[in-house]
Amino acid sequence: MLKGKHIILGITGGIAAYKCATLTRLLIKAGAEVQVIMTPNAKQFIQPLTLSTLSGKPVISEFFTANTGQWNSHVDLGLWADALIIAPATASTIGKMANGVADNMLVTTYLSAKAPVFVAPAMDLDMMRHPSTVRNLELLRSYGNHIIEPAEGELASHLIGKGRMEEPENIVKALDAFFAASEDLQGKRVLITAGPTVEKIDPVRFISNFSSGKMGFALAEECASRGAHVTLVAGPVALKTDSANIERVDVTTAVEMHDAVMQRLPQSDAIILCAAVADYRVENVASSKIKREKTENPVIQLTPNPDIAKAVGQAKRDDQVTVGFALETDNENANAQGKLERKNLNFIVMNSLRDKNAGFQVDTNKITIFTDKGDVINGECKSKRAVAHDIVDVLYQYLSKHEN
Ligand code: CTP
């Protein structure tokens with residue numbers, strides 16, 4: 001699981017720092033890229049040269065590199081990292097992390113990082129038991145940091161008790177297990193439609209809707225970050241995709257979206273139909289611009305577009321999971337449940353335009369999920385990415401049932 005992962009190894013000033021040579025070597029052997037950041041005190045316990053040699057990268061310790069004056073950006077490092085391990089974590093660093101005392105490069109990077117953080121404390125048993133350490137570790141847990149509990153054994157003080165930094169092999173195992181659990185969609189192929197479709201009236205005008213694509217793109221990012229290979233069939237939107245796990249297919253019209261989806265349907269494990277597809281297209285598209293003087297009362301003749309969700313529902317195999325969306329203005333529940341059945345979906349995500357902060361253009365959403373088993377799951381108003389997380393949790397349950 002660690003192959004290609006960007007790991008920041010933060011080393012602080014404790015005797016267990018010598019174990020970081022082995023920890024670095026094991027992480028590199030597992031295929032990770034390791035950037036070591038040392039606190040000034042850590043350098044009293046292990047030479048930066050040992051760690052830069054093992055990691056293949058210069059060790060960072062100060063805000064500036066002394067001989068070049070180059071600024072080491074804690075923000076960039078925090079964004080680069082897939083995980084941070086602070087090992088050994090002394091009582092002092094744990095205290096600084098818990099209380100935001102950003103007086104060195106390591107704690108500033110910790111405060112900037114968005115990635116999961118693992119803390120492997122190492123200290124004498126009385127320090128470990130002190131109420132301030134206990135409270136600070138509790139604070140770190142409350143921030144969502146993972147504490148790799150120290151082992152029992154003989155300590156540097158020759159006292160025997162809890163405080164030995166966990167062995168490097170076990171730290172690597174903990175990290176590996178974390179990535180395995182967080183990549184629960186590993187090996188799955190997810191096809192997602194997103195954004196609006198655009199249907200031409202003439203070479204300069206079109207019919208479309210207010211969809212921004214934000215919900216579909218958040219779902220794509222969420223599935224990709226959980227290890228899935230995502231094909232994102234997107235109508236015209238102003239959004240970018242960053243993940244290497246997302247293959248993007250840009251389309252304009254509903255017919256193009258339909259064809260792109262149906263072509264990729266057989267190889268997909270899950271299909272999420274999040275696009276706001278125009279239900280009609282113009283039958284009499286003008287080949288040149290409709291001119292005001294020549295056409296006083298123009299008539300735009302509409303013809304139905306394919307219902308992509310319905311076509312998928314009819315063609316899908318039993319082992320494929322389909323998810324639809326319903327954006328409603330009234331009779332929300334009945335309309336959503338009708339679509340669930342009509343389109344042969346496994347579950348449908350309903351949002352009501354009557355809810356503030358839900359629907360088109362905004363960054364938040366409030367959803368209700370109706371499943372084919374009759375379950376109704378009500379959600380809070382959350383960011384679209386957090387909503388995507390909840391939807392993908394339900395998708396994961398369906399996918400794992402199909403595996404068994
Ligand atoms: N959908 C689709 N193709 C269409 C229309 C809708 O794939 N031509 C999908 C949407 O992506 C969504 C679900 O079907 O997952 C419901 O879309 P919605 O527009 O709410 O439903 P419609 O079937 O178009 O019904 P209506 O417009 O009457 O509410």
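Scope of this entry: the structure provided in the associated data block. Keep in mind the model is a prediction, meaning the values are calculated, not measured.

The helix and strand tally for the chain stands at 13 helices and 21 strands. Here the C-alpha coordinates of the chain stretch approximately 90 × 50 × 40 Å along the principal axes. Counting contacts in the chain only where the partners sit at least 6 residues apart, residues at least 24 apart contribute 66% of the total. For the chain, the computed accessible surface area is about 19700 Å², with 51% contributed by carbon and sulfur atoms. Put simply, the chain has 43 plus and 46 minus side-chain charges, and the middle of one group is 3 Å from the middle of the other.

A few words on the site of the ligand. Taken together, 13 residues sit near the ligand, with Leu273, Ala275, Phe325, Lys339 and Lys343 positioned nearest. Lys343 places a polar side-chain atom, nitrogen or oxygen, 2.5 Å from an oxygen atom of the ligand. Summarising the interface, the protein chains cover 77% of the accessible area of the ligand, which totals 570 Å² for the free molecule. Every element with two or more residues in the shell around the ligand is listed here: α11 (308-315) and β16 (321-328). Ranked by residue count, the leading element in the shell around the ligand is β16, at three residues. When grouped by side-chain class, the residues that make up the shell around the ligand number eight nonpolar, one polar and four charged.

Okay, unusual backbone geometry next. Excluding glycine, residues mostly have negative phi values, and the peptide bonds linking residues are mostly trans. For the peptide bond that leads from Ala87 to Pro88, omega is -10°, which places it in the cis range. Tracing the sequence through the fold places Pro88 in strand β3 (residues 83-89). The backbone of Asn331 sits at a positive phi, close to 45°, despite the residue not being glycine. Locating Asn331 in the fold gives a position in the loop between β16 and α12 (332-342).

Bringing the packing of helix α1 (residues 20-29) against helix α8 (residues 168-182) into the picture now. When two helices pack together, you describe them by how their axes are tilted relative to each other and by the distance separating the axes. Running from amino to carboxyl end, α1 crosses α8 at an angle of 40°, the nearest separation of the two axes being 9 Å. The orientation of α1 relative to α8 falls into the category oblique. Here α1 runs over α8; the crossing is right-handed. Facing α1, whose interface residues are Thr22, Leu23, Leu26 and Leu27, α8 presents Pro168, Glu169, Ile171, Val172 and Leu175. Classifying every residue of the contact of α1 with α8 gives seven nonpolar, one polar and one charged.

This next bit is on the packing of helix α9 (residues 214-225) against helix α13 (residues 384-403). Between α9 and α13, whose axes approach to 8 Å, the crossing angle comes to 60°. Our classification of the angle between α9 and α13 gives oblique. When you trace α9 past α13, the crossing you get is right-handed. Of the residues in α13, those touching α9 at Lys214, Met215, Ala218, Leu219, Glu221, Glu222, Cys223 and Ser225 are Lys384, Arg385, Val387, Ala388, His389, Ile391 and Val392.

Calculation criteria
- Residues numbered from 1 in each chain as written.
- Predicted model: local features only at pLDDT ≥ 70, side-chain atom pairs only at ≥ 80, totals over all residues.
- Heavy atoms only, no water.
- Helix = DSSP H or I, 4+ residues; strand = E, 2+ residues; numbered from the N terminus.
- Contact = heavy atoms within 4.5 Å.
- Areas by Shrake-Rupley, 256 points an atom, 1.4 Å probe, with all protein chains shown as cover.
- Lys, Arg positive; Asp, Glu negative; His and termini not counted.
- Charge placed at Lys NZ, Arg CZ, Asp CG, Glu CD.
- Near = heavy atom within 4 Å.
- Polar contact = N/O pair within 3.5 Å; in protein donor to acceptor, adjacent residues only side chain to side chain.
- Nonpolar A, V, L, I, M, F, W, Y, C, P; charged D, E, K, R; others polar.
- Axes fitted to C-alpha atoms, helices over the stretch in contact; angles between N-to-C directions.
- Parallel < 35°, antiparallel > 145°, perpendicular 65-115°, else oblique.
- Left-handed = near helix turned anticlockwise from the far one by under 90°.

This is a description of form; function is not addressed.
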